[in-house]
Amino acid sequence: MIEVRSISKSFGTHQVLKNVNVSFEPGKVNFIIGRSGQGKSVLAKCIVGLMEVDQGQVMFDERNFTMMDRWERKDVRKDIGMLFQGSALFDSMTVEENVMFPLRMFSKVPVSEMRERASHCLKRVNLEGKNKLYPSELSGGMKKRTGIARAIAMNPKYLFIDEPNSGLDPQTSIVIDNLVREITNEYNVITVVISHDMNSVMEIGDRINFIYNGEIWWKGDKKEILNTDNQELNNFVFPSRFMQEIREGLRQMK
Amino acid sequence: MNRLYSAIGRYAILMSSVFSRPEKGKVYRRLILDELMKIGVQSLGIVALLSLFMGAVVTLQTAANIDSGWIPKWTIGFTARQTMILEFSSTMVCLILSGKVGSNIASEIGTMRITEQIDALDIMGVNSASYLILPKIIAAVFIFPFIVIISMVLGIAAGALVGSASGAISLTDFEYGLQYYFDPFDIIYTLIKCVVFAFIITSVSAYHGYNTRGGALEVGQSSTRAVVSSIILIMIFNYMLTQLLLL
């Protein structure tokens, strides 16, 4: 389990995160949702240690990540896979080399085994035969899938995914969503998705954390979202009249 | 002034990360070889071209300015040698390379920063500073002396050829001037300088690239800053090393 205990983060005088408490469970797709500029990405970066918190603690399976030095964190980081919003593939490497990269850096297995593992991961994300392509030759969806393949190459315990559907068409988004769902179940990882795509949330979300103004404003599952009285969450999830009508329709169906 | 102190502090912290223990030596060896190609071999063309023309021009200008019969013709060879060895092949070539290599390093690392590739390295537990910057520093410090020696040879050879072809000086006189009062320490001095400049160009450019924030515009700005900072530092260290080593 990942536990975030009372973390706060400021940039100058602007406090971005205010005493955030949240936990993420294994085998579940945990969402952090919220409007732009509310602190979603900062929260994710604080959890994985790309930003230092001002106060509070982040625990990875009872290991206090916040208190660790660089070398101790390295061990935890080997258990973390992350898919970035822009995929963050290394431009100078082929798809296969990108997926093999963490193995090259941290494992001592022969290159042939690394290739095998890379092929397995690429097959898992339906990218067979694309091994020798460079990121510039891939579509947005293929880049995301390569990013996922790289993230799972080391068999991570924790999978962080930042805006998995940004820049993708609705059909490709569903393919990526399903892949995230399947991998979470298959590897029993703790998946944390940062998103504002409600379609994705309703499709694969198990636990949903709504962040507003730097605080966790609401927690629950997707069924509870439909019946919540939380005004800010309602404004976020059902921003248009069309969406509000859909909600009413769903309520009446029940 | 505070910004300068802050930049020096951040540069020192970055360098301490760069020179900390690398993850896997084998991976670094391959990276160093790649950088030797990019920084060294791919710079040879421009350095060779400039050295040839500079050697030729220095010879012709010296010949054109020697009017007095009291000044022997071999002075042309002597001047060409001293100019190429002491200043052009180390300082000028490094200034040129700060434009080519420095801007390349800053924009490459800067682009990696804004596209989150450096974050991806950090997340994996890779020491991104060391992985990205150390191979460049090692490659440059190793290959720059060879580039400088090639520049010296080409510049002096071009001077001799152009000088004799234009009738300004015979090859025998030029050769006499080349050998006249030659101090081998001049070569050591120039190699020391180019090693220091190689370190400045790669580390300062990498620093600017690594600290890029924003988008494409900021990558361009980092690249410009890298070149300007490198040039200023090269001139300052050129003066300091000359004072220290030659006087």
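Heads up: these notes are all about the structure in this document. (Residues numbered from 1 in each chain as written. Chains lettered and ligands numbered in written order. Predicted model: local features only at pLDDT ≥ 70, side-chain atom pairs only at ≥ 80, totals over all residues.)

### A short note on the overall build of chain B
Our working rule: Runs of E in the DSSP output that reach at least two residues are strands. Runs of H or I that reach at least four are helices, and both are numbered from the N terminus. Whether a residue is buried, exposed or partly exposed is read from the other C-beta atoms within 10 Å of its own C-beta, which are placed from the backbone; 20 or more gives buried, 12 or fewer gives exposed, and intermediate counts give partly exposed. Residue pairs qualify as contacts under a 7 Å threshold applied to their C-beta atoms, which are placed from the backbone.
Within chain B one finds nine helices and zero strands. Ordered by position from N to C terminus, the α and β elements of chain B give α-α-α-α-α-α-α-α-α. With respect to the principal axes defined by its C-alpha atoms, chain B has extents near 70 × 40 × 35 Å. When the 247 residues of chain B are sorted by exposure, 44% land in the buried category. Counted over contacts in chain B with a minimum sequence separation of 6, partners at least 24 positions apart contribute 86%.

### What to know about the sheet that holds strand β2 (residues 14-24) of chain A
Residues and elements named next belong to chain A. The following threshold applies: The pairing criterion is simple: DSSP has to find at least two bridges between the two strands.
What the four strands build is an open sheet, ordered β2-β1-β4-β5; its pairing is antiparallel. The open sheet terminates on both sides in strands that have one partner only, identified here as β2 and β5 (63-64). The sheet contact formed by strand β1 (residues 2-11) and strand β4 (residues 55-60) spans five bridges and is antiparallel. Note on β4: the bridge partner recorded for Val4 is Val58.

### Here we look at the sheet that holds strand β9 (residues 207-212) of chain A
Residue and element names in this part refer to chain A. Where we set the bar: Note on geometry: axes are lines fitted to C-alpha atoms, helical ones only across the stretch in contact, with angles between N-to-C directions running from 0 to 180 degrees.
Pairing is mixed across the open sheet formed by six strands, whose spatial order is β6-β7-β8-β3-β9-β10. Of all the strands in the sheet, the pair left with one neighbour each is β6 (80-83) and β10 (215-220). Across this sheet, the average inter-strand angle for adjacent strands is 20 degrees, counted without regard to direction. Where strand β3 (residues 29-33) meets strand β8 (residues 190-195), five bridges bridge the pair, whose relative direction is parallel. In the strand pairing of β8, Asn30 is matched with Val192. Contacting β6 and β7 (158-162), helix α5 (residues 140-152) crosses the sheet at an angle of about 175 degrees to β6.

### Points about the interface of chain A and chain B
To keep it simple, the criterion reads: Residues were grouped as follows: Ala, Val, Leu, Ile, Met, Phe, Trp, Tyr, Cys and Pro as nonpolar; Asp, Glu, Lys and Arg as charged; and all remaining residues, including Gly, as polar.
Opposite the 14 residues of chain A that make contact, chain B presents 13 residues. Sorting the residues of the side of chain A that touches chain B by element identifies α2 (70-77), β6 and α3 (95-106) of chain A as the ones contributing at least two each. The leading source of residues in the side of chain A that touches chain B is α3 of chain A, at three residues. In terms of residue class, the side of chain A that touches chain B is made up of nine nonpolar, one polar and four charged.

### Examining the environment of Ser223 of chain B
Residue and element names in this part refer to chain B. Assignment of secondary structure puts Ser223 in helix α9 (residues 216-246). On the basis of neighbour counts, which here come to 25 C-beta atoms within 10 Å, the residue Ser223 falls in the buried class. Sequence-wise, Ser223 and Thr190 are 33 residues apart; in three dimensions their C-alpha atoms are separated by 27 Å. Aside from chain neighbours lying at most four places away, what touches Ser223 is Ser103, Ala106, Ser107 and Gly110.

### Focus: the environment of Thr91 of chain B
All names here are of chain B. Here Thr91 is to be found in helix α4 (residues 75-114). Residue classification places Thr91 among the buried positions, given that 21 C-beta atoms sit within 10 Å. Here the alpha-carbon distance between Thr91 and Met235, two residues 144 residues apart in the chain, equals 8.0 Å. Setting aside residues no more than four positions away along its own chain, Thr91 makes contact with Lys193, Ile234 and Asn238.

### Here's the deal with unusual backbone geometry
With phi around 45 degrees, Asp61 of chain A is a residue other than glycine that occupies positive phi space. Along the chain, the position of Asp61 of chain A falls in the loop between β4 and β5. Exposure remark for Asp61 of chain A: the 14 C-beta atoms within 10 Å place this residue in the partly exposed category. Here Glu116 of chain B, not a glycine, exhibits a phi torsion of approximately 65 degrees, which is positive. Among the secondary structure elements, Glu116 of chain B is positioned in the loop between α4 and α5 (117-124). Glu116 of chain B sits in the buried class, given 20 other C-beta atoms within 10 Å.

### A look at the packing of helix α3 (residues 44-65) of chain B against α4 of chain B
All names here are of chain B. Which entries qualify depends on this criterion: Handedness of a helix crossing follows the sense of rotation of the near helix relative to the far helix, less than a right angle counterclockwise being left-handed and clockwise being right-handed.
One can describe the packing of α3 onto α4 by two numbers: an axis separation of 10 Å at closest approach and a directional angle of 145 degrees. α4 is crossed by α3, and the crossing has right-handed handedness. Contact with α3, carried on its side by Ile46, Val47, Leu50, Ser51, Met54, Gly55, Val58, Thr59, Thr62 and Ala63, involves Ile76, Thr79, Ala80, Thr83, Met84, Phe88, Ser89, Val93, Ile96 and Lys100 of α4 and no other residues of that element. Across the contact of α3 with α4, the residue classes break down as twelve nonpolar, seven polar and one charged.

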